[in-house]
Amino acid sequence: MKNIKTLIARVLGVVMALTVFSACENDDLVPEFTVQPASENVAFQNQFLTDYLLSKETSANIAERFVWNPVDFGVPTEISYQLEGSISENFDADPEFEFDSGALSETNASVSVDQLLDMAAGLELDDDPSTTDSSGKPNNVGTVYFRVTAFAGSGQGTDATSTTSDVVALTINLVEKTLEAGTATEISTWGVVGSGYNDWGAFADAPFYTTGTDGVYVAYVNLLDGEIKFRENNDWTNNFGDTGADGTLDAGGDNIAVTAGDYKITLNLNDNTYTIEAYTWGVVGSGYNDWGGAGPDAKFFYDYTTDTFKVGVELIDGEIKFRLNNDWGTNFGDTGADGTLDNGGDNIVVTAGYYMITLDFNAGTYTMEPGNIYGVVGSGYNDWGATNDFMFTEVNPGIWIAENVTLIDGEIKFRVNEDWTVNYGDTGADGVLDAGGDNIAVTAGTYIITLDFTDEASPTYSLIAR
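Residues numbered from 1 in each chain as written. Predicted model: local features only at pLDDT ≥ 70, side-chain atom pairs only at ≥ 80, totals over all residues. Heavy atoms only, no water.

Glancing now at the overall build of the protein chain. Looking only at helices and strands, the protein chain has two helices and 37 strands in total. Among the 466 residues that make up the protein chain, the fraction classed as buried is 44%. A separation of at least 24 residues holds for 63% of the contacts in the protein chain among residues at least 6 apart in sequence. Put simply, the protein chain shows about 23,400 Å² of open surface, and 49% of that area lies on carbon and sulfur atoms. (Helix = DSSP H or I, 4+ residues; strand = E, 2+ residues; numbered from the N terminus. Buried < 20%, exposed > 50% of the residue type's maximum accessible area, 1.4 Å probe, protein only. Contact = heavy atoms within 4.5 Å. Areas by Shrake-Rupley, 256 points an atom, 1.4 Å probe, with all protein chains shown as cover.)

So this is what it looks like as structure tokens:
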């Protein structure tokens, strides 16, 4: 018995020794994780603009998407990031005027125009051209600052291991309001008349609009081959031509020869001169006309009530830009997809649908809003929808224009977004638009068609042959 007990004791001793040895070996294998300094400092990877144009009209747009590199702290732990913006380079301004993304797991974050406008308020910037700073300089431009910090773990406490990027300074520019909507310009008493426009008065002269300079007027007009003059109040009492074709306005002077096309005509009654220059903005791209290979660009029309250019257009999935005179010499895209017009900028991605696009050259911005766009349909135009309807543009509130519509003998109606849910005809052929009304008989020719919904109770239309 004594030998058995001794043997058991020896066995237990061996087992305990092995256990202790094994524990010691396992202690050597257990890693002791220590957060290391970042293998690479966090830094912004995107290119920043020289100037960020801000306006309330584009407040919902993204002003900038900040992108930075991922950071490795040498441990298998979560890495979080924080993007901060401030009106102070030391990031010690009033929190009301600072930007804080909070904890992020992604290596990018966007900042909207609206968020930059909040920071602009902290800098006491505004878009009123009549106000200045204490030194008398315009107070619409300022500087804001951004940085990004990477943290080991999800926390952002003062004890967290972190690395912070260099601070970047961004210049923000509130686009000053030079013109108020609704009072941007006015229709002047002067107009364009002639065989090159309205067959010497068969319908109203093309209006000139007031500008920021007294005595200087501008008209945006589509002309035909022929001749024109300029007259006041659709009457011949006061009229100008150009005897000698030298660009000088001569009272009662010779007719001015013109060729078909879209033009900007500037009338300067201060020095009795005028200029006529080819001028039309249009939509071009795979999203509309195969970058010009499938027809002319979609033409913008001038809206004097807002001093902007507008077009109603049907787009397909693709990309677009805006260019002058159906040519690439002057074109605008949008680098950064922030609603800002950038000369030669990136293509603008679009999805199929019906849109009202507005170009605001005063603010340097554009808007593209889904809309209910009227169109011409019928046997007199596209065999009741065999091809696309001819789109109208709302050039002024309630006034829709379709210019140079080529019709054939037949009938037409007007409908919204190439659908019959909302359509207008004319029951009684009295020029009044009737919802779901009778087809409108037309004869072959080229027409300017106007829909007038300013009187909602009794909307009207007109077809003017050219």
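Taken as a whole and judged by the stated rule, the model has 33 aromatic pairs. Look at Tyr279 and Phe309: their rings are 6.1 Å apart centre to centre, the planes differ by 50°, and that puts the pair in the tilted class. Remark: Phe309 occurs in strand 21 (residues 308-315) and Tyr279 occurs in the loop between strand 17 (273-278) and strand 18 (281-285); sequence separation between them is 30 residues. For the pair shown, Tyr279 and Phe309 are each scored as buried. Ring plane angle 65° and centroid distance 5.5 Å describe the contact between Tyr424 and Phe453, whose orientation is recorded as edge-to-face. Of this pair, Tyr424 sits in strand 33 (residues 419-425) while Phe453 sits in the loop between strand 36 (445-452) and strand 37 (460-465), placing them 29 residues apart in sequence. Linked through ring pairs, Tyr209, Tyr220, Tyr279, Trp281, Tyr302, Tyr304, Phe309, Phe332 and Phe361 together constitute an aromatic cluster. When the ring centre of Phe91 is taken as reference, the NZ or CZ atom of Arg147 above it lies at 4.0 Å. The ring of Trp420 has Arg415 sitting right over it, with the charged end atom 4.7 Å from the ring centre. (Phe/Tyr/Trp six-rings, centres within 6.5 Å; stacked < 30°, edge-to-face > 60°. Lys NZ or Arg CZ within 6 Å of the ring centre and 35° of its normal.)

What follows deals with the sheet that holds strand 30 (residues 393-396). With antiparallel pairing, the four strands of this open sheet are ordered in space as 30-31-36-37. Edge positions in the sheet fall to strand 30 and strand 37, since each has one partner strand and no second. In this sheet, neighbouring strand axes are inclined to one another by 30° on average, regardless of whether the strands run parallel or antiparallel. (Pairing = 2+ DSSP bridges. Axes fitted to C-alpha atoms, helices over the stretch in contact; angles between N-to-C directions.)

What follows deals with the environment of Tyr366. Residue placement: Tyr366 occurs in strand 27 (residues 365-370). With a relative accessible area of 10%, Tyr366 lands in the buried category. Placed 58 residues apart in sequence, Tyr366 and Thr308 show a C-alpha to C-alpha distance of 9.5 Å. Each residue touching Tyr366, except ones within four places of it in the same chain, is listed here: Phe322, Asp334, Gly339, Thr340, Leu341, Ile348, Thr358 and Leu359. Within the structure, Tyr366 has its side chain in polar contact with the side chain of Asp334 (distance 2.7 Å). (Polar contact = N/O pair within 3.5 Å; in protein donor to acceptor, adjacent residues only side chain to side chain.)

Our focus in this paragraph is helix 2 (residues 113-122). Restricting attention to buried positions, one finds in helix 2 the residues Val113, Leu116, Leu117, Met119 and Ala120. When helix 2 is viewed along its axis, its buried side chains cluster within an angular range of 160° and face the same direction. Just downstream of helix 2, Glu124 is the residue with a positive phi angle, here 60°. (Arc of directions from axis to C-beta.)

All right, on to a negative patch on the surface then. Judged by side-chain charge, Asp94, Glu96, Asp114 and Asp118 come together as a negatively charged surface patch. Structurally, the position occupied by Glu96 is in the loop between strand 3 (79-86) and strand 4 (99-100). (Patch = residues over 30% accessible without salt bridge, like charges linked within 9 Å, V, L, I, M, F, W, Y side chains within 5 Å. Salt bridge = Lys/Arg side-chain N within 4 Å of Asp/Glu carboxyl O. Lys, Arg positive; Asp, Glu negative; His and termini not counted. Charge placed at Lys NZ, Arg CZ, Asp CG, Glu CD.)

Next up on the list: the confidence of the model for the protein chain. Mean pLDDT over the protein chain works out to 88, with 86% of the residues at or above the 70 mark. Predicted confidence is poor over residues 1-33, with pLDDT under 50, and the contacts of this stretch with residues over four places away or in other chains come to one contact. Contacts from residues 179-183, a stretch scored under 50 in pLDDT, to residues over four places away or in other chains number seven contacts. (pLDDT = per-residue confidence, 0-100.)

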